[in-house]
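As a plain string of letters, each chain reads:
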Amino acid sequence: MTTTHAILIRRSSSVRRRLSSGWPGYLLRRLGGLLLSFAVLTIGAFLIVPLLPGDPATAMLGTSATPEAIAQTRERLHLDAPLWEQFARFISGLVSGDLGTSFRYSTPVMDSIAVKLPYTANLALSAIALVLIVAVPLGMTVGVLTRGGRRPALAMAFGAVAGFLASVPGYVLGTICVVVFAIWLRVLPAAGADTAMSSILPVLALAIGPMFAVARVVRQETLTVVQQDYMRTAESRRLSAARKYLVHALPNLMTSTLTLAGIILAGIIGATIIIENVFNYPGLGAEIVQAIIYKDYPMVQGIILVVGALAILINLLIDIVLGLIDPRTLGGRHA
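Residues numbered from 1 in each chain as written. Predicted model: local features only at pLDDT ≥ 70, side-chain atom pairs only at ≥ 80, totals over all residues. Heavy atoms only, no water.

What follows concerns the overall build of the chain. Helix and strand counts for the chain stand at 14 helices and zero strands. Helices and strands appear in the chain in the N-to-C order α-α-α-α-α-α-α-α-α-α-α-α-α-α. Going through the 335 residues of the chain one by one, you find that 37% of them count as buried. The contacts in the chain between residues at least 6 apart in sequence include a share of 72% that link residues at least 24 apart. (Helix = DSSP H or I, 4+ residues; strand = E, 2+ residues; numbered from the N terminus. Buried < 20%, exposed > 50% of the residue type's maximum accessible area, 1.4 Å probe, protein only. Contact = heavy atoms within 4.5 Å.)

Tallying each qualifying case throughout the model produces two salt bridges. Across the pair Glu 85 and Arg 89 runs a salt bridge whose closest N-O atoms are separated by 3.7 Å. Taken as a pair, Glu 85 and Arg 89 lie in helix α6 (residues 83-95) at a separation of four residues, close to a single helical turn. Accessibility expressed as a relative area gives 27% for Glu 85, which makes it partly exposed. Given the relative accessible area of 43%, Arg 89 is considered partly exposed. In this structure, Glu 287 and Lys 116 form a salt bridge, with 4.0 Å as the shortest nitrogen-oxygen distance. With a gap of 171 residues between them, Glu 287 in helix α13 (residues 284-293) and Lys 116 in helix α7 (residues 109-145) connect regions that are remote in the sequence. (Salt bridge = Lys/Arg side-chain N within 4 Å of Asp/Glu carboxyl O.)

On to the nonpolar core. Val 131 and Leu 265 are the most contacted members of the largest nonpolar core, which has 70 residues in total. For this core, the secondary-structure elements that each account for two or more residues are α2 (23-46), α7, α8 (152-167), α9 (170-184), α10 (200-225), α12 (241-278), α13 and α14 (297-325). When we break this core down by domain, the ones giving at least three residues each are domain 1 (38-98) and domain 2 (111-329). Non-local contacts of Val 131, meaning those with residues more than four positions away in its chain, are made with Val 136, Ala 207, Pro 210, Met 211, Val 214, Leu 265 and Ile 268. Formed by six residues, the second largest nonpolar core is a distinct cluster that contains Val 49, Ala 65, Ile 70 and Tyr 297. (Core = buried A, V, L, I, M, F, W, Y, C linked by side-chain atoms within 4.5 Å. Domains from an automatic or database assignment.)

Scope: geometric values only; no functional claims are made or implied.
Listed below in structure tokens is the structure:
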């Protein structure tokens, strides 16, 4: 057998293993779920205007507007068209990347979102990174230290503190952060986005609750994992702590942890909208509040679509990472 022939056989075998590992079916299922989620999100965003009480044109122009002005506005916005035709226009705009024209600014909605989105993405992604970087090591460390009923005082204190902080709403934590760090200590700015330091308090307000919620789950999973037979085998082989917990324990506790983390991290995207208003941060949160006040419905629809799409994509990313960490989640045989 020639060397080339052997290489081809190995490559063919590798392809067969990947195909039989469950990845194609797994990705198809996730793609189907992604498309369904986008469809529901799109329909929900479209129905905001038709389902609003009253007439959007009247709400825009005010009750003092003449019937002629209202009729002209309805015709200009195609509100007098059948619902199916309005939906077709909406979908056509989405396909072409057109989210409509802002009533308030008379400019494309996409332009306004493109200006505000980097601020929101900066807060959300920074908070997500902080949650994962802190929660997993913290939960594992406490889990290892309190395994087998050891250090009950630490376990009780961690459970009480983590439970309390995980239950406090982000806007309350944000207000506390402002009082402590901006008013009392005067070490961080209370609002705006003038400097890099301006992002610290909003990120903390977003991350503290989810951080301790994920850390609690990681601790519980660690307590379960360290009791498994393979961990006892690792103990008997006198492996180093780093290898024992990072190589053997961490991958096995991350499956359920990431499942919950995906839900929590997607929720951070929505919470960012609220936190931005607490800190007067110039992102999509402040923009959507103004859009609601000024009855700027295309802007509201566009922001909801963008924020919802980000949350859906984060969940998809978590699913893919889960498949890489634990092939059993693929629904097929092990790779």
